[in-house]
Amino acid sequence: MKPIILTMTAFGPYKDKEIVDFRDLKEHRLFVISGKTGAGKTTIFDGICFALYGQASGEDRTDTKALRSQFADDDMQTTVELTFDIHNRRFRVVRQIPYRKKGNKSDTLGRCELFEEKDERFVPAVDRQIVTEVNDKIEQLLGFTHAQFSQIMMLPQGEFRKFLTSDTGNKETIMRKIFKTEPYQKIVERLKVKKEEANAEYLREKQLSETILHQIPAKLPVRDSLLFTELKSEYPNYHQLVLGLQQEHAYHEIQSKETHTEYTRLYKVHNEKQQELHEARSINEQFSKLLQRQKELEGLQAKQAEMKTLEQQLQQAERAARLEDVEQQVKSNEIEWQKKERSHSEAVTFLADAEEKLVSAKASYEQELAKEAERNEVKEQVLTLKNLLPTVSGLTAQRQELESLNNTVDRVEKSLLVNQQAAKRQKESITVQRNEMIELETSLEGYEQLVDQLSTCKAVAKQVATYKQQLIQRQEFETDFNIANQQIEHYTAVYQDLENRWINNQAVALAASLHDGESCPVCGSIDHPAKAEVAESEHVSKQQLDTAKLELTNKVQTFHTKQAQLQQLQQRIELSKAELDEQQVDLNRDYQEEQANLTEEVAVLRNKREVLKQKKDQQNQAQKAMEELTEEMNTLEQQRNESKAELETKRALYNYALTKVPENLQELSALQQQITSKETASQQLENAWKTIQQKLQDASTEKIKWESREILEKKSLADMREKVDQSSAIFTKRLTEEGFTSQENYMQVKLPPSKRQAIQHQLQVFAQTLHTLQSSVEELKKTVEGKQQVDLEVMEHQIEAMKTQYEEAFALSNQSKAREQAAQDLYTELKTSKSKEAELERTYGKITNFYDLVRGQNHLKISFERYIQIEYLERIIQAANIRLRDLSNGQYELVRSDRQETRGKQSGLGIDVHDAYTGQTRDVKTLSGGEKFNASLCLALGMADVIQSFQGAVRMETMFIDEGFGALDEEAIQKAIDTLIALQQSGRMIGIISHIDEMKEAIPATLQVTKLREGYSKTNIVLS
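Definitions and cut-offs
Residues numbered from 1 in each chain as written. Predicted model: local features only at pLDDT ≥ 70, side-chain atom pairs only at ≥ 80, totals over all residues. Heavy atoms only, no water. Helix = DSSP H or I, 4+ residues; strand = E, 2+ residues; numbered from the N terminus. Buried < 20%, exposed > 50% of the residue type's maximum accessible area, 1.4 Å probe, protein only. Contact = heavy atoms within 4.5 Å. Areas by Shrake-Rupley, 256 points an atom, 1.4 Å probe, with all protein chains shown as cover. Pairing = 2+ DSSP bridges. Axes fitted to C-alpha atoms, helices over the stretch in contact; angles between N-to-C directions. Parallel < 35°, antiparallel > 145°, perpendicular 65-115°, else oblique. Salt bridge = Lys/Arg side-chain N within 4 Å of Asp/Glu carboxyl O. Left-handed = near helix turned anticlockwise from the far one by under 90°. Core = buried A, V, L, I, M, F, W, Y, C linked by side-chain atoms within 4.5 Å. Phe/Tyr/Trp six-rings, centres within 6.5 Å; stacked < 30°, edge-to-face > 60°. Lys NZ or Arg CZ within 6 Å of the ring centre and 35° of its normal. Expected span 1.5 Å × (residues − 1). Patch = residues over 30% accessible without salt bridge, like charges linked within 9 Å, V, L, I, M, F, W, Y side chains within 5 Å. Lys, Arg positive; Asp, Glu negative; His and termini not counted. Charge placed at Lys NZ, Arg CZ, Asp CG, Glu CD.

**Q** Break down the overall build of the protein chain for me, with residues and values.
**A** Along the backbone of the protein chain there are 23 helices and 15 strands. Residues counted as buried form 37% of the 1024 residues belonging to the protein chain. Partitioning the contacts of the protein chain with sequence separation of at least 6, the portion at a separation of at least 24 is 76%. Of the roughly 60700 Å² that the protein chain leaves accessible, carbon and sulfur atoms contribute 49%.

Pasting the structure below:
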């Protein structure tokens, strides 16, 4: 990055607009910035850094609002503008600092914009001119963050000397920002979480193993065996417990087989007795069924006489059914004869009507025949009128075309007038919109800065809320920690009391086994004058003691858990407090209210932005509409001229054609009306003539038709009468043949087919049922022959008793099987849990060792992150020593120190200096002020070389050095000047703040900063 023009307005000691044009340096790349103390030399560096990153160059100037000039007028906006070159491209960045005018309750709006020069004009270099996008773009162009830029390209007063002489912790923080080693620090934090998770998982699995042991007495019956003997011991052996569970499984497996065999035997006996009961129940059911079938058979036999009567009735009805077809034929012939008689009467009536119509039609025909001359005359008139139709139609079309052209001219002139008025209104509207947009853009100048303020305020408010919540949570954790500590004290006292009482009980048990004359196993005495005794209330069992010990262990574990939680929370609180202190956050300040106010202001400005966007869209639409309106007016003018010319031509042709048409027929409607009238009259005459002709023909045809019809109907009536007489004679003959004495006798025995079918079905069902019952009774008699009914109640009681026995055996078998399975499950669970517990313990140990290693808990006190940083530091020192040897005439050389920091602090980033004159290596803090400056300068240049090598395409074309040469002697000053000249010969621009005359004389270009009598400053570039 190479600065071209720096413009500062109301910035620092510069009251008005101050322009520093670095092009005035011409070919001089090395220049001195000179001026009195407080004149504003460092402010030039601050202006460049603020324009690029929105922050000043030094750590002691972090408040951007403090950069506003105290001499500036109230209405002058604090603005910094920087034009710079990078990668053969030119950019311009503009930033404004919000400030509060007198009498206002809120700050003015800030501004942040970045442009690139293309085709000799500056265009936006980002999609949105907001702080975040501009910052990201500048970091992308320069390849440096603000921390890297201020550390490498700008060396403020004393800033890099701190890096030279600070301890490992401070260097680690600086290098973390510059070389971005935060991911390695995150590894330590992640390993810490992994360690805590592994420990928690190990403790959970250990607790699970204890739980499995406590489940054994609940799932398996207590008996005299290895398992329960081992469980009673104070420290059960895992392998003995596993062996005991295997023995319990084998024991209950044998019990399960024995009980299952007994259950199978009892179940088989019960099934055999159950089968006997089933057979006896079947015999009793057959006896009951035989008695029921016999009763049903007796009931059917009593209905045989009734069935005989029905059978006779059915036979008579069948004889009558054979005459039904003859009877039906007689009825059909009589009905048909009646129809024929009605048809003959109808034909006679219609014949008389047809004769009357024929006489009337002949009279009308004669009248229409006399109108032949009138019909011919009307036809000739119609033909004459139609010959005039083409001529009149042409006149009408011409007249309509004239009217249409005239209307078109009027319409176009009206539209043209309306569009001219609309164009005038549109121009006025565009002007008003443009003024409104300018006003809105002015009010939105500080929107992006306000958004950044809101984002910062939100972040700080969230951090403060989190910190306060952590303080509240710490009080709760401290309360829980104190309660857990009190519980440990209580349960420790209870356990010690029980343990003392249990030991006393053991003495009493030993005393009970002592007898006079026998030696004591403890002291060897044969006299026992005062044996130990204990009251019943003082008796304590081993199980009570173990229970108290388990409770105490649980409370201790809870205490350690609460202690670890409290320590972790305290670390998070300290980290949060450090972050808040680093950001200089005032905890008593109401950030929520500030956030609400900023949110409200941003919302208002956001609404204005939407309004501005709408205004712009409206203006674009209005401009487009204006262009369309202008084009339409041009089209309308051309259309009006063409229509007027065509109108005059058509009017002349119409007047010429009008002279050839009679006046009363010039209108097409009148001619068409006359033609229609004559055609109607002609059509009426023709229709009347055709109608009367057709009427005469129809009447003659009708009369002939009905004459023929009457003759046919008369013959058909006579034939049907003969058929009726013949069918009646046949029916009478058949009655006699079938044995009926009269037609009345026939009608009495006659039955409909459905009735006959019902009687026949009833007789068939009766016969079939009777046969079935007779067969069933015979079969049942054969089945029960030689058998007797059985008393079922006695057998049922016996079976119920057997059922109770096999169910009890079944329950006992299931119980043995469940215990066998429980022993197997407990064995598997305990073995699996203990195996997993051991694996988790090993994993926890590995993670703990690895965590201690990477966080620096080793003999070198070097963390993994610092190990990476050491590589960077050694490269920086190597690059710095190339220049330091020359500046110090070969006396000094920087070396990285491996010494341990005091009080066990983390080490590895210390810097010592080796003195070739004495052959000793000592701390850099022992260097003099000038020597420290030389070392700091070389170290800064070395770091610049290293960063540039790691950043790839990044090329640093500019460097600024703020003070530091005052502590050097003449020879050291000349060495420093030679070093800087060598740097600027490589293409870099180097600016130096210095009060030393030798420096000013050695460097021909000077940027002079003059402090005026009024207090503010001015700049001027002087070339000697």
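Next comes the rest of the description.
**Q** Could you give an account of unusual backbone geometry, naming the residues involved and the relevant values?
**A** The phi torsion at Lys26 lies on the positive side, around 60 degrees, for a residue other than glycine. For Lys26, the position within the fold is in the loop between β2 (14–21) and β3 (30–35). Its identity is not glycine, yet Asp119 carries a phi of approximately 55 degrees, on the positive side. Within the secondary structure, Asp119 sits in the loop between β6 (111–118) and β7 (121–124).

**Q** Account for the sheet that holds β7, with residues named and values stated.
**A** Pairing is antiparallel across the open sheet formed by six strands, whose spatial order is β2-β1-β4-β5-β6-β7. The open sheet has two edge strands, β2 and β7, and neither has a second partner. Across this sheet, the average inter-strand angle for adjacent strands is 20 degrees, counted without regard to direction. The pairing of strand β5 (residues 89–97) with β6 spans six bridges and is antiparallel. What sits directly across from Arg92, in β6, is Phe115. Across the sheet, helix α1 (residues 41–53) touches β1 (2–11), β2, β4 (78–86) and β5, and the angle it forms with β1 is around 100 degrees. The strands touched by helix α2 (residues 131–142) are β4, β5 and β6; relative to β5, the strand with the most contacts, the crossing angle is about 145 degrees.

**Q** Residues and numbers for the packing of helix α12 (residues 389–443) against helix α16 (residues 668–737), please.
**A** The axes of two packed helices give the description: the angle between them and the distance between them. Between α12 and α16, whose axes approach to 9 Å, the crossing angle comes to 150 degrees. Here α12 is positioned roughly antiparallel relative to α16, judged by the angle of their axes. Of α16, the residues touching α12 (which contributes Leu389, Val392, Ser393 and Thr396) are Leu668, Leu671, Gln672 and Ile675.

**Q** If you had to explain the environment of Ala200 to someone new, which residues and values would you point to?
**A** Assignment of secondary structure puts Ala200 in helix α6 (residues 182–219). On a C-alpha basis, the gap between Ala200 and Leu840 in space is 9.8 Å, while along the polypeptide they are 640 residues apart.

**Q** Describe the pattern of salt bridges, naming the residues involved and giving the relevant values.
**A** In total, this model carries 27 salt bridges according to the counting rule given. One salt bridge in this structure joins Glu893 and Arg885, with 3.1 Å as the shortest N-O distance. Here Glu893 falls in the partly exposed class, since its relative accessible area comes to 28%. Here Arg885 falls in the partly exposed class, since its relative accessible area comes to 37%.

**Q** Account for the packing of helix α10 (residues 324–369) against α16, naming residues and giving values.
**A** Running from N to C, α10 and α16 point in directions that differ by 165 degrees, and their axes come no closer than 6 Å. In terms of orientation, α10 and α16 fall into the roughly antiparallel class. In the crossing of α10 with α16, the sense of the turn from one axis to the other is left-handed.

**Q** Quick rundown of the sheet that holds strand β9 (residues 892–897)? Include the residues and the values.
**A** Strand pairs in the sheet, formed through backbone hydrogen bonds, run parallel or antiparallel to each other. If you walk across this open sheet you meet the three strands as β9-β10-β11, and the pairing is antiparallel. Edge positions in the sheet fall to β9 and β11 (920–923), since each has one partner strand and no second. On average, each strand axis in the sheet is inclined to that of its neighbour by 35 degrees, with strand direction left out of account. Where β9 meets strand β10 (residues 910–915), six bridges bridge the pair, whose relative direction is antiparallel. What sits directly across from Ser897, in β10, is Gly910. Against the sheet, helix α20 (residues 864–887) makes contact with β9 and β10, and its axis sits at roughly 170 degrees relative to β9, the strand it touches most.

**Q** Outline the side chain of Asp915, supporting the account with residue identities and numerical values.
**A** Positionally, Asp915 belongs in strand β10. Once you skip the residues sitting within four places of it in the chain, Asp915 turns out to touch Gln891, Tyr892, Gln920 and Arg922.

**Q** How would you explain the pairing of strand β14 (residues 1005–1011) if you had to name every residue and give the values?
**A** Strand direction decides the pairing type here: β3 and β14, joined by five bridges, are parallel. When the sheet's bridge partners are listed, Ile33 is paired in β14 with Leu1007. Two strands pair when backbone bridges link them, and β14 and strand β15 (residues 1017–1023) are joined in this way by seven bridges, in the antiparallel orientation. From the neighbouring strand, Leu1007 faces β15, where its bridge partner is Ile1021. Hairpin connection between β14 and β15: a loop of five residues separates the two successive antiparallel strands, and Gly1015 in this loop has a positive phi of roughly 115 degrees.

**Q** Break down the nonpolar core for me, citing the residues and quoting the values.
**A** One finds Leu52, Leu142 and Leu894 to be the most contacted residues of the largest nonpolar core, which totals 75 residues. Sort the elements by how many residues they give to this core and α20 lands first, with nine residues. With 27 residues, the next largest nonpolar core counts Leu109, Tyr447, Val460 and Leu580 among its residues.

**Q** Requested: an account of the environment of Val854, with residues and values cited.
**A** On the secondary structure map, Val854 appears in helix α19 (residues 792–854). The exposure class assigned to Val854 is buried, which follows from its relative accessible area of 7%. Linking Val854 and Leu191, residues 663 residues apart in sequence, is a C-alpha distance of 8.8 Å. Sequence-distant contacts of Val854, defined by excluding residues within four places in its chain, comprise Val188, Leu191, Ser863 and Phe864.

**Q** Lay out the side chain of Asn284 with the relevant residues and their values.
**A** By the element assignment, Asn284 lies in helix α8 (residues 238–301). Leave out the neighbours within four places in its chain, and Asn284 touches Gln789, Val790 and Leu792.

**Q** Can you break down the packing of aromatic side chains residue by residue, with the values?
**A** This model, assessed by the stated rule, comprises ten aromatic pairs. Ring centres 5.6 Å apart and planes at 80 degrees place the aromatic pair Tyr184 and Phe864 in the edge-to-face group. Taken as a pair, Tyr184 in helix α6 and Phe864 in helix α20 lie far apart in primary sequence, 680 residues in all. By relative accessible area, Phe864 is classed as partly exposed at 29%. Ring pairing ties together the aromatic residues Tyr263, Tyr267, Tyr806 and Phe810, which thus form one cluster. Cation over ring: Arg223 sits above Tyr251, and NZ or CZ is 3.9 Å from the ring centre. A cation over an aromatic ring shows up here: Arg721 above the ring of Trp337, its NZ or CZ 4.9 Å from the ring centre.

**Q** Go over α16, please, and point to the residues and values.
**A** The end-to-end C-alpha distance of α16, which contains 70 residues, comes to 97 Å, matching closely the 104 Å that a straight helix rising 1.5 Å per residue would cover. Looking one or two places after α16, you find Gly739, whose phi comes out positive at around 90 degrees.

**Q** Pulling in residues and values, what's your account of the pairing of β11?
**A** Two faces, one strand: in a regular strand the side chains alternate between the faces of the sheet. Sheet topology places β10 next to β11; four bridges connect them, and they run antiparallel. Residue His914 lies in a different strand from β11, and its bridge partner there is Thr921. Counting the residues between successive antiparallel strands, the hairpin from β10 to β11 contains four residues, one of them, Gly919, with a positive phi of roughly 75 degrees.

**Q** Any details on α1? Residues and values, ideally.
**A** Helix length check: α1 (13 residues) gives 19 Å between terminal C-alpha atoms against 18 Å at 1.5 Å per residue, within 8%. Most of α1 sits inside the fold, with 13 of its 13 residues counted as buried. Phi turns positive one or two residues past the end of α1, at Gly54, with a value near 80 degrees.

**Q** For a negative patch on the surface, give the residues involved together with the corresponding values.
**A** Together, Glu627, Glu628, Glu631 and Glu632 give the surface a local cluster of negative charge. Here Glu631 shows up in helix α15 (residues 591–658). Assessed through its relative accessible area of 56%, Glu631 is described here as exposed.

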